[in-house]
Amino acid sequence: MKKMLAGFMVTVLLAAGCGGAEQKQQKDVKKPAAGLTVYTSVYNGMVKDMAKPVVEQQLKDIKVNWHTEGSEKVKERILDELKGGKAKADLVMISDPDFYLQLKKDGKLLNYKSPEAAELAETVDADGAFTPIRISAMVIAVHNDKIKEPPKSWKDLLDPRYKGMVAMPDPKVAATALATVAALTDKYGWEYWQQLKANGVVVSKTNEMREKFAKGEYPITITMEENVLKQKMAQGFNVSVVYPEEGSVLVPGYIAILKDTANPEGAKKLLDWWLSREGQSAMSLAYMHPVKYGVREPDGAQKLADLRIHSLSVNWNKLAVEEKMVKEKFAEIMK
């Protein structure tokens with residue numbers, strides 16, 4: 001089923017004028033000559049099955065090397081490389097607004113205002129240092145074979161009837177989890193996480209959490225809407241998305257060009273592609289919310305306009321300052 005869906009996704013994009021076949025996924029992060037290296041938290045399957053073959057057809061003069069990892073791992077890699085003088089990446093695509101704010105402040109990003117950005121429904125950085133590319137929603141996922149009375153809110157996860165049934169990703173690794181911790185802490189205080197720990201929450205590796213959720217071993221998870229929709233719509237698991245009564249946590253994903261790129265023109269072309277209708281359609285087909293007006297929203301997802309009306313806000317500027325403290329405090333509670 002997964003392979004059939006991937007083939008369907010590519011076919012849809014090719015029908016929009018993108019023809020071509022997939023080549024072997026590049027795993028080496030070494031930058032090819034006259035090419036581009038992208039560090040991204042967009043999951044590998046989406047890059048491999050959708051973005052890579054289409055980009056290879058539309059941007060034939062550019063060799064793109066994709067390196068996929070969790071947002072926090074991407075951040076660590078870039079910061080480590082910058083300590084040596086220069087990042088190996090030409091572009092970065094992750095869900096961590098505070099990281100882009102810091103990179104901009106440090107003068108590490110190339111200002112570029114894409115002509116495609118005029119049709120975006122999300123705010124663009126005034127200088128063009130980084131541009132929105134997708135929106136992910138943090139929600140509650142429920143395995144219907146295991147849970148007959150699902151929670152309706154974030155607060156419901158503290159109910160003793162769900163003791164030992166809830167799992168979530170580690171905010172030290174997943175930027176979306178970090179945003180969720182920050183948002184819920186601002187609303188309920190650190191007591192929320194202390195109570196959730198007492199109720200048996202499991203902090204898990206993201207991939208392991210997805211697999212165990214699909215099997216029903218973790219009946220309830222705090223996760224991205226796109227993960228649940230993929231498991232439900234594409235893989236056929238009996239799972240549901242719960243949009244918490246307090247609001248989902250919306251996490252924008254951005255794309256930016258590193259200032260020291262050796263191929264700025266190629267980087268601009270690739271950025272333009274992600275903001276084009278083809279690139280934004282790829283996001284939608286991968287169950288992420290596109291940010292371009294007129295592009296169809298993901299199948300089975302709540303409309304982004306409705307999510308915005310009832311969302312739990314994240315103070316990104318505050319998180320940029322307190323990130324280390326938030327991670328350490330959370331880890332201390334969960335140990």
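Only a predicted model underlies this, so the values are computations on that prediction, with no experimental measurement involved.

**Student:** Which parts of the structure should I look at to understand the pattern of salt bridges?
**Tutor:** In a structure, side chains of opposite charge can pair up when their charged atoms sit close to one another. Counted by the stated rule, this structure contains 19 salt bridges. The salt bridge partner of K318 is D186, with a shortest N-O separation of 2.9 Å. Here D186 lies in helix α5 (residues 175-188) and K318 lies in helix α12 (residues 316-334), a separation of 132 residues in the sequence. For K318, a relative accessible area of 33% puts it in the partly exposed group.

**Student:** Can you walk me through helix α4 (residues 97-105) in this structure?
**Tutor:** Owing to its 3.6 residues per turn, the α-helix brings residues three or four apart onto one side. Considered for burial, the residues of α4 that qualify are P97, D98, F99, Y100 and L103. Packing partners of the buried residues in α4 comprise α3 (71-83), β3 (91-94), β9 (249-257) and α12. Once α4 finishes, G107 follows within two positions and takes phi at roughly 70°, a positive value.

**Student:** Could you clarify how one ought to interpret the packing of aromatic side chains in this entry?
**Tutor:** If you walk through the whole model with that rule in mind, you get eight aromatic pairs. Aromatic side chains Y188 and Y192 sit 5.7 Å apart centroid to centroid with 20° between the ring planes, which places their arrangement in the stacked category. The class for Y188 is partly exposed, based on a relative accessible area of 24%. For Y192, a relative accessible area of 1% gives the class buried.

**Student:** Before we go on, may I ask you to explain the side chain of D125 in this structure?
**Tutor:** Tracing the backbone through its elements, the reader meets D125 in the loop between α4 and β4 (131-143). D125 gets classed as buried once you look at its relative accessible area, which sits at 14%. At 2.9 Å, the side chain of D125 and the side chain of K104 are in polar contact. Not counting residues within four places of it along the chain, the set of residues in contact with D125 comprises K104 and F130.

**Student:** Whenever I open this one, empty space enclosed by the protein confuses me. Can you help?
**Tutor:** The method is simple in principle: a probe with the dimensions of a water molecule rolls over the atoms, and the space it marks as empty is what remains. Summed over the entire model, instances satisfying the criterion amount to two cavities of 30 Å³ or more. Empty space within the second largest cavity amounts to approximately 40 Å³. As for the second largest cavity, its lining consists of M209, R210, F213, T221, T223, N227, V228 and Q231. Counting residues per element, the ones that place at least two in the lining of the second largest cavity are α7 (206-215), β7 (220-224) and α8 (225-234). Along the lines of polarity and charge, the residues of the lining of the second largest cavity split into three nonpolar, four polar and one charged.

**Student:** Which parts of the structure should I look at to understand the nonpolar core?
**Tutor:** As a rule of thumb, soluble globular proteins bury nonpolar side chains together. In this structure, M46, W66, L91, L270 and W274 are the most contacted members of the largest nonpolar core, which totals 42 residues. With near-sequence residues (within four places) excluded, M46 lies in contact with A51, W274, A282, M283, A286 and M288. Counting residues in hydrophobic clusters, the runner-up holds 35 residues, among them I147, W154, I222 and V249.

**Student:** Before we go on, may I ask you to explain the pairing of β4 in this structure?
**Tutor:** The two faces of a sheet get side chains in turn, since along a regular strand they alternate between them. With 13 of its 13 residues buried, β4 lies for the most part within the structure. Here β4 runs beside β9; their pairing, made up of seven bridges, is antiparallel. When the sheet's bridge partners are listed, I135 is paired in β9 with P252. Relative to β7, β4 is paired through five bridges, and the arrangement is antiparallel. Each bridged residue has a counterpart across the sheet, and for V139 the counterpart in β7 is T223. Of the pairings in the sheet, the one linking β4 to strand β8 (residues 239-242) comprises four bridges and is antiparallel in character. When the bridges of β8 are listed, A141 appears paired with V241.

**Student:** Please clarify how α8 should be interpreted in this entry.
**Tutor:** Judged by how many residues are buried, α8 sits mostly within the fold: seven of ten residues are covered. If you check which residues of α8 are buried, you get E225, E226, N227, V228, L229, Q231 and A234. Two residues or fewer past α8, G236 is found with a positive phi of approximately 80°.

**Student:** What's the story with the environment of K327 in this structure? I'm lost.
**Tutor:** Note that K327 resides in helix α12. Considering only alpha carbons, one finds K327 and V173, 154 residues apart in sequence, at a separation of 9.7 Å. Sequence-distant contacts of K327, defined by excluding residues within four places in its chain, comprise E72, K75, P171, K172 and L178.

**Student:** Would you take a moment to explain the environment of E72 for this structure?
**Tutor:** With respect to the helices and strands, the residue E72 is situated in helix α3. C-alpha separation for the pair E72 and S95, spaced 23 residues apart in sequence, amounts to 9.3 Å. Discounting residues that sit within four places of it in the chain, E72 has contacts with D96, P171, K172, V173, A174, A175, L178, E323 and K327.

**Student:** Just to check I follow, could you spell out the layout of surface pockets for this structure?
**Tutor:** Taken as a whole, the largest pocket spans an internal volume of roughly 920 Å³. The wall of the largest pocket is formed by 36 residues, among which Y43, N44, T206, N207 and R210 lie closest to the centre. Among the secondary structure elements, those contributing two or more residues to the lining of the largest pocket are α1 (2-15), α2 (44-58), β4, α5, α7, β7 and α8. A per-element tally of the lining of the largest pocket places α7 first, with five residues. A class-by-class count of the residues in the lining of the largest pocket yields twelve nonpolar, 14 polar and ten charged. Looking at the second largest pocket, its volume works out to about 360 Å³. Forming the walls of the second largest pocket are 14 residues, and the residues nearest its centre are E72, K75, L79, E323 and K327.

Conventions adopted
Residues numbered from 1 in each chain as written. Predicted model: local features only at pLDDT ≥ 70, side-chain atom pairs only at ≥ 80, totals over all residues. Heavy atoms only, no water. Salt bridge = Lys/Arg side-chain N within 4 Å of Asp/Glu carboxyl O. Helix = DSSP H or I, 4+ residues; strand = E, 2+ residues; numbered from the N terminus. Buried < 20%, exposed > 50% of the residue type's maximum accessible area, 1.4 Å probe, protein only. Contact = heavy atoms within 4.5 Å. Phe/Tyr/Trp six-rings, centres within 6.5 Å; stacked < 30°, edge-to-face > 60°. Polar contact = N/O pair within 3.5 Å; in protein donor to acceptor, adjacent residues only side chain to side chain. 1 Å grid on protein atoms, 1.4 Å probe; cavity = no way out; pocket = protein on both sides within 12 Å on 5 of 7 lines; lining within 4 Å. Points joined across faces, edges and corners; volume = space filled by probe spheres on them. Nonpolar A, V, L, I, M, F, W, Y, C, P; charged D, E, K, R; others polar. Core = buried A, V, L, I, M, F, W, Y, C linked by side-chain atoms within 4.5 Å. Pairing = 2+ DSSP bridges.

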